[in-house]
Amino acid sequence: MDRAVLPMVIITFVLPGYVLADRGAPNNVYILQSSTSQLAPHPRLKRGWIWNELFVEEEDPILRVIGKLITDSDTGNFAIKYVLSGEGAGEIFEIDEYTGEISCLKTLDREEKAFYILQAQAIDRRTEQPVEPESEFIIKVKDINDNAPVFQNEPYVSSIPEMCPMGTTVVQVTATDADDPLAGSNAKLIYSILQGDPYFSVEPKTGLIVTSWPNMDREARERYLVVVQVKDMMGLNGGYSATTTVTITLSDVNDNGPNFQHNLYTFVVSESAAVGTTVGRIMAEDGDIGVNARMNYSLEDLEESATFKIQTDPVTQEGVILLAKPLDYESKRRFVIAVDAINDHLDARFLSIYEFSDRTTVKMLVEDVDEPPEFSALMYEWKVPENAAVGTQVGTVSARDTDAANNPITYSMAKSSDMRNVFRIDPNNGTVTVAKSLDRETDDWHNLTISAMETREGYLSSLVEVFIRVLDINDNAPQLSREYQPHICEGTPAGEVIQRISATDPDDPMEGHHFYFSMVPEKNTNPNFTIRDNQDNSAGILARRSTFSRKDRTQYILPVVVTDSGSPAMSSTSTLTISVCICQPAGHCPSGGVEAFALSMGLNLQGLMGILVCLATLAVLSALIIAVRRHRKRNQEKLSLDEMETMEYSEKVLRYSEPNSNQNDCLPAQVPLRPHPRRRERRLRREEVAASIRMSLRHSHLIGPEDEVFRQFIMDRLTEADQDPYAPPFDCLRTYAFEGTGSATGSLSSLESFTVVESGAERAREPTTRFFRLTPWMGGAEEETSF
């Protein structure tokens, strides 16, 4: 409708200076007249534009004239030139400048553009002036049915509750058509059901899908696929159509109760099963799903034994039967219980309250198992006095085989529980007796582990704990709590307490300890001290006079008798040594250590400390003097050892020559060698020299004078000789330092002489012997290789 009135609106507002004339002219001819003023006293009819309503049919491939636009001043002599401008001018539309005919040059699509706004001018060819004011007009694209309807918002999925009444709204489908809804029935749509009857129907004009079948059951069918068709042109032939599929699911409601598949369930459970063991699982079927299928199981014990209980598995919705009490095949072999299943969520719209539950019967059969012997008590606790004689009976344990076989039982005691073999047990009747003397002060409790074992079949056994408490008897005398060292100050007044004492007793009487303190009965009363019992297991020692002085006596002996309250009573006598002290102003008596020693010598503490400091100083000085002397002696011994080593090295430097040799020219006269000077910073240790020479001798048969090792060895020895003024001349050392590699007689060095040649001196005098060993002459040991 808006597009139809648009040309009129544009004409009214764009061309306010023109009015329509001859509104009732035939053939939809419009005449535009110009009005310069509405207030003119004498209105004058103006000339205007004349044209037919212009339409272009879409999708028309034929180029044709669609209309004519002229001015009423055109006389037909082609004096007026028509010019076209605006949307699509020259490209889509053109105007004949002589006749005013308008032609369409292209195929148009109304869905792309529904109309075009153009402007026309009429110009006088002679004057080139406009004959009429510019006119604006519209060319509409006429619609044809060239578009099929299209469903929106696909896919369509909906859910409705089962058992809903007929006419329940499911979902609304919507389709659109791109054609002009005002141009005939091209865009007028009609909906229909192709698949889904008789359960669903659709409203033809709105596309609203509703149920057409009452009380649809989800348990019978849960999902429906409804195919809806839409047609344009009101469903007439020649129109376009489209289809869509609507998925409709029935949601569950609680219209079914639980139902057991069997009236009786039977389970077998071993009598040895532990409490909490799962005996079995049962399940009631429910056609519903989700929360509507949830249920609870309850157990009714028909025999009221409370031996079993039931729980609901939240995942599988099964009833789990558990063992609540221990089983005993010999006592009861069968149980019968009733189990109820009821829905959690009840909906009275569909079923009565009684239809949401079901009941079944469960039978439990107990299976016999060979069990170990069973003691008459879980544990035993006995008492025995510590003075019980060996063989005294302490108690008896009892066990029996609870199985039908009732096998005989034998008893034994675990070795680990009675390491000292204090008790023994009769293997036949389980009687425990004392095997050794008891002492409560050593062990007041004995924990025994006793075993009972079957003597036939499975030889099963069980254990029980036995706790034996050793009862106390008064067999220990009380003693003073500690070693007391009482003292009394000079001038202490009579009646003053000089020491508080207490006692202990390892016994443990039922009524507790009570000790009595007294003095040893004498013919005469002790004139110096007395004892006062405080009646709280303690006593005080009091002075009986006030004239105590170290000049008279330094110590007093006081025997103290301590007696307990046992039956019979036990007592002990302890002797206290009471020292007489010269107490300090604060009442402190130096009763031990340095202070007491000083007092015993008649010295004060300061004098004694001075004497001790002097003695300590003398001891330190004496130790230092002894250490210095030992150090000097050690150094002298070391220097003497160095001189002996030097003499040992020097004595091994000997001269040898072949008979009739001419090498004596380079040898100096033989003189005694002097020892090295006492320069410790330059002296080589014997180990270093020996190692160096061993290395040289080890390679002496493999190297020559030009070898780097040999050259370095000679240079090291030369450096030592240059720095030591007491070393022998280097030229003489050169005579025997290198022996050569081609000698048939082997090495000439005495350092490699490992065996002593017998009668070396005699062989040296033989004219045929050219060389001889030097070791026997110099007394060197076989392992010595230094020189």
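Coordinates for the structure precede this section.
Residues numbered from 1 in each chain as written. Predicted model: local features only at pLDDT ≥ 70, side-chain atom pairs only at ≥ 80, totals over all residues. Heavy atoms only, no water.

(A) Molecular detail of the overall build of the protein. If you tally the helices and strands in the protein, you get eight helices and 45 strands. Each of the 787 residues in the protein was classed as buried or not, and the buried ones make up 34%. Of all intrachain contacts in the protein linking residues separated by at least 6 positions in sequence, the fraction that spans at least 24 positions is 64%. Summed over all atoms, the accessible surface of the protein reaches about 47,300 Å², with 52% contributed by carbon and sulfur. (Helix = DSSP H or I, 4+ residues; strand = E, 2+ residues; numbered from the N terminus. Buried < 20%, exposed > 50% of the residue type's maximum accessible area, 1.4 Å probe, protein only. Contact = heavy atoms within 4.5 Å. Areas by Shrake-Rupley, 256 points an atom, 1.4 Å probe, with all protein chains shown as cover.)

(B) Local environment of unusual backbone geometry. Cis peptide bonds are those with omega within 30 degrees of zero, and the linkage from E154 to P155 qualifies with -5°. Following D197, the chain continues to P198 via a peptide bond in cis, the omega torsion being 0°. Following the sequence through the fold, P198 ends up in the loop between β15 (190-195) and β16 (200-202). With a phi angle near 60°, E128 is a residue other than glycine that sits in the positive phi range. Locating E128 in the fold gives a position in the loop between β9 (115-124) and β10 (130-142). With phi around 60°, M163 is a residue other than glycine that occupies positive phi space. Checked against the element boundaries, M163 lands in the loop between β12 (156-161) and β13 (169-172).

(C) Focus on the pairing of strand β25 (residues 308-312). Where β25 meets strand β26 (residues 319-323), five bridges bridge the pair, whose relative direction is antiparallel. The partner of I310 across the bridge, within β26, is I321. In this antiparallel pair of consecutive strands, β25 and β26, the connection spans six residues, and Q317 shows a positive phi of 60°. (Pairing = 2+ DSSP bridges.)

(D) Structural context of the sheet that holds strand β44 (residues 555-563). Read across the sheet, four strands follow the order β39-β45-β44-β41 without closing on themselves; strand pairing throughout is mixed. The open sheet has two edge strands, β39 (487-489) and β41 (516-519), and neither has a second partner. Direction aside, neighbouring strands of the sheet carry axes that sit 35° apart on average. For β44 and strand β45 (residues 571-581), the ladder comprises nine bridges, and the chain directions are antiparallel. When the bridges of β45 are listed, I557 appears paired with T577. (Axes fitted to C-alpha atoms, helices over the stretch in contact; angles between N-to-C directions.)

(E) How the structure looks around the state of the cysteines. Tallying each qualifying case throughout the model produces one disulfide. The disulfide bridge from C489 ends at C583, spanning 1.6 Å between sulfur atoms. Residues C489 and C583 are joined by a disulfide whose S-S torsion is about -85°; by sign, that bridge is left-handed. Of the two residues, C489 is situated in strand β39 and C583 in the loop between β45 and α2 (593-600); the sequence distance between them amounts to 94 residues. For C489, a relative accessible area of 16% translates into the label buried. The partly exposed category is assigned to C583, whose relative accessible area is 22%. (Disulfide = S-S within 2.5 Å.)

(F) Local environment of the nonpolar core. Grouped together as the largest cluster of nonpolar side chains are 24 residues, with contacts concentrated most on V397, F423 and V466. Ranked by the residues each element gives to this core, the list is headed by strand β37 (residues 461-471), at four residues. Once residues within four sequence positions are removed from consideration, F423 is found in contact with V394, M413, D418, V432, T433, V434, A435, L438, H446, L448 and I468. (Core = buried A, V, L, I, M, F, W, Y, C linked by side-chain atoms within 4.5 Å.)

(G) Molecular detail of the side chain of N147. Note that N147 resides in the loop between β10 and β11 (150-151). A polar contact is formed between the side chain of N147 and the side chain of E111, at a distance of 3.0 Å. A polar contact is formed between the side chain of N147 and the side chain of D179, at a distance of 2.7 Å. Discounting residues that sit within four places of it in the chain, N147 has contacts with E111, D177, A178, D179, D232 and Y240. (Polar contact = N/O pair within 3.5 Å; in protein donor to acceptor, adjacent residues only side chain to side chain.)

(H) Region of the structure containing the sheet that holds strand β6 (residues 80-86). The sheet built from four strands is open, its strands ordered β4-β10-β9-β6 with mixed pairing. With one partner strand each, in any of the chains shown, β4 (54-57) and β6 form the two edges of the open sheet. Within this sheet the neighbouring strands show an average axis-to-axis angle of 30°, counted without direction. Alignment of β6 against β9, held across seven bridges, turns out to be antiparallel.

(I) Just the packing of aromatic side chains, in detail. Throughout the structure, instances matching the rule amount to 14 aromatic pairs. When the ring of F200 is compared with that of Y224, the centres are 5.6 Å apart and the planes differ by 70°; the resulting orientation is edge-to-face. Note that F200 is positioned in strand β16 and Y224 in strand β18 (residues 223-231), a separation of 24 residues in sequence. Both rings, one in Y380 and one in W382, keep their centres 5.9 Å apart while their planes meet at 50°; by these two values the pair is tilted. You can call W382 buried: its relative accessible area is 11%. An aromatic cluster of three or more residues is present, and its members are Y199, F200, W213 and Y224. Residue placement shows K113 over the ring face of Y116; its charged tip is 5.4 Å from the ring centre. (Phe/Tyr/Trp six-rings, centres within 6.5 Å; stacked < 30°, edge-to-face > 60°. Lys NZ or Arg CZ within 6 Å of the ring centre and 35° of its normal.)

(J) Just a nonpolar patch on the surface, in detail. The grouping of M609, I611, L612, L615, L618, V620, L621 and L624 at the surface amounts to a nonpolar patch, some 740 Å² of accessible area in total. By the element assignment, L624 lies in helix α3 (residues 605-651). Judged by its relative accessible area of 51%, L624 falls in the exposed class. (Patch = residues over 30% accessible without salt bridge, like charges linked within 9 Å, V, L, I, M, F, W, Y side chains within 5 Å. Salt bridge = Lys/Arg side-chain N within 4 Å of Asp/Glu carboxyl O.)

(K) Main features of the pattern of salt bridges. For the coordinates displayed, the defined rule picks out 19 salt bridges. In this structure, E222 and R218 form a salt bridge, with 3.9 Å as the shortest nitrogen-oxygen distance. Overall, the relative accessible area of 7% leaves R218 in the buried class. Of the charged contacts, one joins R500 and D536 as a salt bridge, the two residues approaching to 3.3 Å between their closest N and O atoms.

(L) Spatial organisation of the pairing of β9. Most of β9 sits out of view: seven of its 10 residues are buried. One ladder, built from eight bridges, connects β9 with β10; its direction is antiparallel. For A122, the partnering residue across the bridge sits in β10 and is E132.

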